[in-house]
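Summary of structural features
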Amino acid sequence: GENVEQHPSTLSVQEGDSAVIKCTYSDSASNYFPWYKQELGKRPQLIIDIRSNVGEKKDQRIAVTLNKTAKHFSLHITETQPEDSAVYFCAASRSGGYNKLIFGAGTRLAVHP
Amino acid sequence: DARVTQTPRHKVTEMGQEVTMRCQPILGHNTVFWYRQTMMQGLELLAYFRNRAPLDDSGMPKDRFSAEMPDATLATLKIQPSEPRDSAVYFCASGPTSGTETQYFGPGTRLLVL
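Here is what the cut-offs are and how they apply
Residues numbered from 1 in each chain as written. Chains lettered and ligands numbered in written order. Predicted model: local features only at pLDDT ≥ 70, side-chain atom pairs only at ≥ 80, totals over all residues. Heavy atoms only, no water. Core = buried A, V, L, I, M, F, W, Y, C linked by side-chain atoms within 4.5 Å. Buried < 20%, exposed > 50% of the residue type's maximum accessible area, 1.4 Å probe, protein only. Helix = DSSP H or I, 4+ residues; strand = E, 2+ residues; numbered from the N terminus. Contact = heavy atoms within 4.5 Å. Phe/Tyr/Trp six-rings, centres within 6.5 Å; stacked < 30°, edge-to-face > 60°. Disulfide = S-S within 2.5 Å. Buried area = accessible area lost by both parts, 1.4 Å probe. Salt bridge = Lys/Arg side-chain N within 4 Å of Asp/Glu carboxyl O. Polar contact = N/O pair within 3.5 Å; in protein donor to acceptor, adjacent residues only side chain to side chain. Nonpolar A, V, L, I, M, F, W, Y, C, P; charged D, E, K, R; others polar. Pairing = 2+ DSSP bridges.

Turning our attention to the nonpolar core. If you look at the biggest cluster of nonpolar residues, it comprises 24 residues, and the most contacted ones within it are Trp35(A), Phe73(A) and Leu109(A). For this core, the secondary-structure elements that each account for two or more residues are strand S2 (10-14), strand S3 (19-25), strand S4 (32-38), strand S5 (45-51), strand S7 (62-67), strand S8 (72-77), strand S9 (86-92) and strand S11 (107-112) of chain A. The residues contacting Leu109(A), other than those within four sequence positions of it, are Leu11(A), Val13(A), Ala19(A), Ile77(A), Asp84(A), Ser85(A), Ala86(A) and Tyr88(A). Counting residues in each nonpolar core, the second largest holds 22 residues, with Met21(B), Ile26(B), Trp34(B) and Ala88(B) among its members.

This is how it looks when you write it as structure tokens:
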């Protein structure tokens, strides 16, 4: 069945360093890949997304890259800050008709001052 | 800034009691999702609706859970009877009609079954 694997499950970095989270998906028909950030006790919030017709997308300190051939995509956070500490979820879905998101298991990112 | 709303935000109940959680999707969104999140766990899809019709509820224990959309502005998730293992945060999310698969999450209902 459809599956999204996410690594690592936990990530600890020093403030100012970069953080990279990687996801691999199984459904080759997937063409929409969002990333959600969930702070403790809060709702998951969309931070960036990418579609299969684009290889990379940036928004200030965050960027997402997509390799459709290898069926993996990654989240890159540069110049990390303590407020980046949260759980990050990747997801994948097909478009048209069914837009069920298949979520990864999440990565707990801790940014230490 | 339109947002998905959920009520109640917190619920403490005793085992065996009925629990009803409500969700108001963003106006104009026609797809509604229910997720469950337990401590240290990811997001488990329970059910989702499009244009008020259930598309997939395979993730939901049907002997005790039920999900409905009485109208376009209200989705409900019921547990009857509730059990301690149902303790979790239940999120509702909604998505627009077409053109994007983006989902927007509500604040969640934190359920504790004693």
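Here the narrative resumes, following the displayed structure.
Attention now goes to the packing of aromatic side chains. Tallying each qualifying case throughout the model produces 13 aromatic pairs over all chains. Ring centres of Tyr36(A) and Phe103(A) lie 5.7 Å apart, and the angle between their planes is 55 degrees; this geometry places the pair in the tilted category. Of the two residues, Tyr36(A) sits in strand S4 while Phe103(A) sits in strand S10 (residues 102-103), which places them 67 residues apart along the sequence. Accessibility classification places Tyr36(A) together with Phe103(A) in one group, the buried group. Through a chain of ring-to-ring contacts, the aromatic side chains of Tyr36(A), Phe89(A), Phe103(A), Phe33(B), Tyr35(B), Tyr48(B), Phe91(B) and Phe105(B) assemble into a single cluster.

A word on the state of the cysteines. Residues and elements named next belong to chain A. Scanning the entire structure with this criterion turns up 2 disulfides over all chains. Put simply, Cys 23 and Cys 90 are joined by a disulfide, and their sulfur atoms are 1.9 Å apart. Classification of the bridge connecting Cys 23 and Cys 90 rests on its S-S torsion, roughly -100 degrees, and on that basis the disulfide is left-handed. Placement of the pair is Cys 23 in strand S3 and Cys 90 in strand S9, with a sequence separation of 67 residues. Cys 90 gets classed as buried once you look at its relative accessible area, which sits at 0%.

What follows is about the interface of chain B and chain A. Contact with chain B, which involves 24 residues of that partner, is made by 24 residues of chain A. Overall, the association of chain B and chain A removes approximately 2000 Å² of surface from exposure, summing both partners, and the carbon and sulfur fraction of that is 48%. In terms of surface lost to chain A, no three residues of chain B exceed Leu43(B), Glu101(B) and Phe105(B), which account for 31% of the buried area on that side. Applying the counting criterion to the chain B and chain A interface returns 1 salt bridge. Note that Asp56(B) and Lys100(A) form a salt bridge whose closest N and O atoms lie 3.3 Å from each other. At the junction of chain B with chain A, the criterion picks out 5 residue pairs in polar contact (both at pLDDT 80 or more). Each residue belonging to the side of chain B that touches chain A can be placed in one class, and the counts come to 11 nonpolar, 8 polar and 5 charged.

Residues and elements named next belong to chain A. Of the strand pairs in this sheet, strand S6 (residues 56-59) and S7 are connected by 4 bridges, and their pairing is antiparallel. Looking at S7, one finds that Asp 59 is bridged to Ile 62. The antiparallel hairpin formed by S6 and S7 contains 2 residues in its connecting segment, where Gln 60 sits at a positive phi of about 60 degrees.

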